[in-house]
Amino acid sequence: MAGVNVKSEIKPLKKVLLHRPGKELLNLTPNTLEELLFDDIPFLKVAQEEHDGFAQALRDNGVKVVYLEDLTAEVLAADPELREKFLLQWIDEAGIKTERYRKIIFDYMQENYPDAKDFVLKTMEGINLTELHTDKSNSLVDLVSEASKMVVAPMPNLYFTRDPFAMIGNGVSINRMYSVTRNRETIYGEYIFNYHPDFKGTPQYYSRYNTFHIEGGDILNINEHVLAIGISQRTEPDAIDGIAHNIFNDPTSPVDTILAFNIPNNRAMMHLDTVFTQIDVDKFTIHPGIMGPLSVFEITPEGDGIKVHEINAPLEQILEKYIGMPVTLIPCGGGDRIAAEREQWNDGSNTLCIAPGRVVVYERNDVTNAVLRKNNIDVIEIPSAELSRGRGGPRCMSMPVVRED
């Protein structure tokens, strides 16, 4: 299964990209939570057990699971020069400016992490000043720095593999992310899609070096011809303009319509996939907060450019037009306001559909899960006491690579 093929949100999932939470979570502290986009500190041991349960549930349903850390390690192990290039780039993107520290960190990583996978995991974990054993008398920076300062910040959001890049048909968007801390994550996608034998040559519809922000949680493949993208807290309309041009100019892409959904700018609805996700040919889970009329912009190709048409209509009506049949919208929390707010906070409408009518969900959202079952959805529950502290659900934690056509 080389290459990518994702032309739907619901067709049988055959291959998925995950990242098992690692020691990067141990480098979260109360003082860095806001900067690193967390509301709480997950207990790593339990988070890993829960994530392993998630991966096993996927395997039990015929899905091949590949890991971000393994793919990156395979790339770097195959070429020592590429490993060195990656390391220098990683040091640069970590904000290490002084030549002294650039050399110290370069030497530390090369000498202490000869194994490619250990090396990749360490780049995700970050580096504490105490690990480097520098001579403090040689540097004012060292003398005034706290002993336990993180010289290179961790990347604790990496287990949400949906956001750094997104598969669109047979191509990929390598995203420029909203926050500085998350934008560093896309370096792994850059090396996988440029150098990994299974992925190099994949059409790239967006670059991490572009000016405007876009994130994978805002990108939904409605069907082969229609792509939905959220205008959100983390995806700018300028980025949607750019990606639309690139997709429409790829003669191999069947996408001829992009729907830009203007969603509220708040933490509970940070991405389009926290607002609604498709779970069957005619069913969607939704956040009750978007039941009213929505501003949606239909983008289609016109000559060498694009044409944009605004649509103001209820979500149900918009989806019915592009799905081609009546749809059922299933609200998070079953319409109960308190249950909806509580379960939306824990990603009750952020489901991963692995086949039409079969979804992976967090077990903690029992009200929403019961409503899904009443609507004849096959619900696969996974434990989530710790994973949910990162504010992302099963869809956020997974990047489908291949779905059946």
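Report on the accompanying structure. Here the structure is a predicted model, which means the values were calculated and not measured.

Before going further, it helps to examine the packing of aromatic side chains. The description of an aromatic ring pair uses the distance of the two centres, along with the angle that the planes make with each other. Under the defined criterion, the tally for this structure stands at 10 aromatic pairs. Seen from their ring centres, Phe 86 and Tyr 188 are 5.9 Å apart, and the 45° between their planes marks the pair as tilted. Here Phe 86, found in helix α3 (residues 80–93), pairs with Tyr 188, found in helix α9 (residues 186–195); they are 102 residues apart in sequence, far enough to count as distant. Grouping residues by exposure puts Phe 86 and Tyr 188 together as buried. Within the aromatic cluster, the residues linked to one another by ring pairs are Phe 86, Phe 119, Tyr 188, Tyr 191 and Tyr 195. Across the ring face of Phe 119, the terminal group of Arg 83 is positioned such that the distance to the ring centre comes to 4.0 Å. Residue placement shows Arg 208 over the ring face of Tyr 209; its charged tip is 5.3 Å from the ring centre.

Here the focus is the sheet that holds strand β18 (residues 378–382). The strand order β16-β17-β18 describes an open sheet built from three strands, whose pairing is mixed. The open sheet has two edge strands with one neighbour each: β16 (352–355) and β18. Direction aside, the axes of adjacent strands within the sheet are offset by 30° on average. As defined by bridge partners, β16 adjoins strand β17 (residues 358–362) across three bridges and the pair is classed as antiparallel. Each residue of the ladder has a partner; that of Cys 353, found in β17, is Val 359.

What counts as what
Residues numbered from 1 in each chain as written. Predicted model: local features only at pLDDT ≥ 70, side-chain atom pairs only at ≥ 80, totals over all residues. Heavy atoms only, no water. Phe/Tyr/Trp six-rings, centres within 6.5 Å; stacked < 30°, edge-to-face > 60°. Helix = DSSP H or I, 4+ residues; strand = E, 2+ residues; numbered from the N terminus. Buried < 20%, exposed > 50% of the residue type's maximum accessible area, 1.4 Å probe, protein only. Lys NZ or Arg CZ within 6 Å of the ring centre and 35° of its normal. Pairing = 2+ DSSP bridges. Axes fitted to C-alpha atoms, helices over the stretch in contact; angles between N-to-C directions.

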